[in-house]
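Each chain is listed here by its residues.
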Amino acid sequence: MSALTTTPTSFELNGEPFRIISGALHYFRVHPDQWADRLRKARLMGLNTVETYVPWNLHQPEPGTLVLDGLLDLPRFLRLAQAEGLKVLLRPGPYICAEWDGGGLPHWLMSDTDVRLRTSDPKFTAIIDRYLDLLLPPLLPHMAASGGPVIAVQVENEYGAYGNDTAYLKHLMEAFRSRGIEELLFTCDQVNSEHQRAGSIPGVLSTGTFGGKIDTALATLREHQPEGPLMCAEFWIGWFDHWGGPHHTRDTADVAADLDRLLAAGASVNIYMFHGGTNFGLTNGANHHHTYAPTVTSYDYDAPLTENGDPGPKYHAFREVIAKYAPVPEELPAPSVKLPLTEVELTERAPLLPYLSELSGRTVRTEMPITADELGARAGYVLYRSSLPKNGLGVLSFEGGVGDRAQVYIDGAPVGVLENERRETSLPVQVHRRGAVLEVLVENMGRVNYGPKIGTPKGLLGPVTFDGMPVTGWECRPLPMDAPLGAALYADAETEACAEPAFHRGTFEVTDPADTFLSLPGWTKGQAWINGFSLGRYWNRGPQQTLYVPAPVLRPGANTLIVLELQANTTRHARLVDTPDLGPKGQ
């Protein structure tokens, strides 16, 4: 049994002084076969603890269910952490932010407009209680009270930036305690007085999130909490990227000096991130302050351990800083082996729109278009189909806008693209006949994960008109795109270029599987799979230009690459390269 307790100035573990030197490592952003490697590298940098969020939306894709296998086998991750000699800070939310789809709140929850999210609304707390009834029992054996590695559990996440419903926070605290969580509970909030007050619970340790101005941040935290250990629960050492923006980095010497200041002050720390990993599949989140801004597939975060698990400049610099305050192993990890340059020719093709029935057997017919949330679609796409009431030149208007990117076709011909990011809601079009078929393919680019826009719906968000006349009689077909089109529907690609949404398929040989990066010059926008594993989205808008391919995804012999190109490609070739390209660096 390991008990983490607090004194007026510090932590104790089993009655002995203990400083938490932790790093964030999200199991759901790392291939399960690489968990042990990443945890080992955490220990070799000098960490004694790792921190992870728990994504409610993936663990409970539908009410009453619980998924704990594969990428979501949290008990296995906790066993591996313990085997490596690491303690664990567990952050089960229920809201996690994390630049993750919807901040971890399930799509089915956000589609119920009667539920007030992140409040003491009895409807919301009842849903949380039912989830915790399923989630916590398999985790209890891994708590410190049972001899496991989990020494502390976080209540909610940066709640002071969102609300001030203390009754909600107290409900969560009591929900954890009544279900057997005996470990230290803590909250984390940005270090300003307002956030700390709104996000704290009496009797629960308050921690801060910040990336600089160490002395000021710790003083603010101490002012809020006169007694107890000082801890930075998220020490921001990099940042995340949005499509169309720069690749964010932070100077190594600058952030190492701040880490030194933090540890010299006697504080505990959780480095955010130690290893960022990847938003595999369609799991990235988005921000929406003044405009909608979706997060890229890579969650590299300019972290000490790169997206593909190599020690970067910060790894060595942080290791040297930590060694001044705690024992650090002598062993240094080496970069992973990379796959040799490999050319892939995608020789087969299947157009997307004609084969939609193969991807989704469900069509909902409505008078007016309904949202993706009303269709029960967590992620992916929705195809809306109707007919236009008149011909001629006019304006096609989407009242309420689109969530988040709509490709529009009339009688199969592309007529334009609308983007939520650019606040576009209308298109001038030429309709050649009354009754022409209107198709709108709407992509959910990631649900908002921070701020008041959490819960914003996806799909078509209101009525559609053409030249002022309502467009009615819709077929709405969700396309979750969890898996690509079946192999039997492909035909030989007769040309290099393709100007319509289509799946492209090719095979390549591997002798010894190793890490690699998929590069798609000449392609525009879409997503990719290798051997059925979803690597995530690509977009030539950048900054990210390659997709990480974990070695365990590959196999000796023949491997299959499938690319869903949503717009147009000028080549049928792709490359597997040995160096990632996350875009031009910016601060």
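Residues numbered from 1 in each chain as written. Predicted model: local features only at pLDDT ≥ 70, side-chain atom pairs only at ≥ 80, totals over all residues. Heavy atoms only, no water.

A. View of the packing of helix α5 (residues 122–135) against helix α6 (residues 166–178). Their axes nearest at 11 Å, the elements α5 and α6 cross at an angle of 20°. Classed by the angle they form, the pair α5 and α6 counts as roughly parallel. At the point where α5 passes α6, the crossing takes the right-handed sense. Across the interface between the two elements, F124, T125, I128, D129 and L132 from α5 touch Y168, H171, L172, A175 and F176 from α6. A per-class count over the contact of α5 with α6 returns 7 nonpolar, 2 polar and 1 charged. (Axes fitted to C-alpha atoms, helices over the stretch in contact; angles between N-to-C directions. Helix = DSSP H or I, 4+ residues; strand = E, 2+ residues; numbered from the N terminus. Parallel < 35°, antiparallel > 145°, perpendicular 65-115°, else oblique. Left-handed = near helix turned anticlockwise from the far one by under 90°. Contact = heavy atoms within 4.5 Å. Nonpolar A, V, L, I, M, F, W, Y, C, P; charged D, E, K, R; others polar.)

B. Main features of helix α1 (residues 35–44). All buried positions along α1 are accounted for by W35, R38, L39, K41, A42 and L44. Two residues or fewer after α1 comes G46, characterised by a positive phi angle close to 110°. (Buried < 20%, exposed > 50% of the residue type's maximum accessible area, 1.4 Å probe, protein only.)

C. Here's a closer look at the packing of aromatic side chains. Under the counting rule described, the total for this entry stands at 21 aromatic pairs. Centre to centre, the rings of Y159 and Y168 are 5.3 Å apart; their planes meet at 55°, and the pair counts as tilted. In terms of burial, Y159 and Y168 fall into one category: buried. The interplanar angle of 45° and the centroid separation of 6.4 Å between the aromatic rings of F274 and Y315 together place this pair among those described as tilted. Of this pair, F274 sits in strand β12 (residues 268–275) while Y315 sits in helix α10 (residues 313–322); the two residues are 41 residues apart in sequence, bridging distant segments of the chain. (Phe/Tyr/Trp six-rings, centres within 6.5 Å; stacked < 30°, edge-to-face > 60°.)

D. Representation of the pattern of salt bridges in the model. Inspection of every chain in the model, using the stated rule, returns 33 salt bridges. A salt bridge links E156 to R118; its shortest N-O distance comes to 2.9 Å. Within this pair, whereas E156 is found in the loop between β7 (150–154) and α6, its partner R118 is found in the loop between α4 (107–110) and α5, the two being separated by 38 residues in sequence. According to the relative accessible area criterion, E156 is buried, its value standing at 1%. Classification of R118 by relative accessible area gives buried; the value is 2%. Here E475 ties to R365 by a salt bridge, and the two come within 3.8 Å at their closest N and O atoms. Of this pair, E475 sits in strand β27 (residues 474–479) while R365 sits in strand β16 (residues 364–366), and the two are 110 residues apart along the sequence. Judged by its relative accessible area of 26%, E475 is partly exposed. The class of R365 is exposed, set by a relative accessible area of 61%. (Salt bridge = Lys/Arg side-chain N within 4 Å of Asp/Glu carboxyl O.)

E. Main features of the sheet that holds strand β1 (residues 4–6). Taken in spatial order, the 3 strands make up an open sheet running β1-β2-β3, and their pairing is antiparallel. Two strands in the sheet have a free side with no partner beyond their single neighbour: β1 and β3 (16–18). Averaged over neighbouring strand pairs, the angle between their axes works out to 45° when direction is ignored. As paired strands, β1 and strand β2 (residues 11–13) are joined by 3 bridges and run antiparallel to one another. Bridging across to β2, T5 finds its partner in E12. (Pairing = 2+ DSSP bridges.)

F. Broad picture of helix α9 (residues 252–264). With 13 residues, α9 extends 18 Å between its outermost C-alpha atoms, agreeing within 8% with the 18 Å of an ideal straight helix rising 1.5 Å per residue. Listing the buried residues of α9 in full gives V255, A256, D258, L259, D260, L262 and L263. The secondary structure elements touched by the buried residues of α9 are β9 (205–210), α8 (214–224), β10 (231–236), β12 and α10. Capping the start of α9 is the job of one residue whose side-chain oxygen sits 3.2 Å from the backbone nitrogen of A253: D251. Immediately beyond the C-terminal end of α9, within one or two residues, lies G266, with a positive phi of roughly 85°. (Expected span 1.5 Å × (residues − 1). Polar contact = N/O pair within 3.5 Å; in protein donor to acceptor, adjacent residues only side chain to side chain.)

G. Here's a closer look at the layout of surface pockets. Taken as a whole, the largest pocket spans an internal volume of roughly 660 Å³. Counting residues per element, the ones that place at least two in the lining of the largest pocket are α2 (56–59) and β32 (533–539). Considering only residue class, the lining of the largest pocket consists of 15 nonpolar, 11 polar and 5 charged. A volume near 380 Å³ is recorded for the second largest pocket. Class assignment for the residues of the lining of the second largest pocket results in 4 nonpolar, 8 polar and 6 charged. (1 Å grid on protein atoms, 1.4 Å probe; cavity = no way out; pocket = protein on both sides within 12 Å on 5 of 7 lines; lining within 4 Å. Points joined across faces, edges and corners; volume = space filled by probe spheres on them.)

H. Quick peek at the pairing of strand β4 (residues 21–25). When you tally the buried positions in β4, you get 5 out of 5 residues, the bulk of the element. Judged by which residues are buried, β4 turns out to be covered on both faces: I21, G23 and L25 on one side and S22 and A24 on the other are all buried. In this sheet, β12 lies alongside β4 in parallel orientation, the contact comprising 4 bridges. Across the sheet, residue I21 finds its bridge partner in β12, namely V269.

I. Structural view of the pairing of β9. In terms of burial, β9 is a largely internal element, 6 of the 6 residues being buried. Here β9 shows a buried face lined by L205, T207 and T209 and a second buried face lined by S206, G208 and F210. Regarding the hand of the β-α-β motif, the stretch spanning strand β8 (residues 184–190), helix α7 (residues 193–199) and β9 is right-handed. The sheet contact formed by β9 and β10 spans 3 bridges and is parallel. When the sheet's bridge partners are listed, F210 is paired in β10 with F235. Handedness of the crossover joining β9 and β10 through α8 is recorded here as right-handed. (Right-handed = clockwise from strand over helix to strand, strands pointing away.)

J. Up close: the sheet that holds β8. Taken together, the 8 strands give a closed barrel; going around it, the order is β4-β5-β6-β7-β8-β9-β10-β12, and neighbouring strands pair in parallel fashion. Strand-to-strand twist in this sheet, taken as the mean axis angle between neighbours without regard to direction, amounts to 30°. As judged from the 4 bridges shared by β10 and β12, these two strands associate in the parallel manner. What sits directly across from M231, in β12, is S268. Against the sheet, α9 makes contact with β9, β10 and β12, and its axis sits at roughly 180° relative to β10, the strand it touches most.

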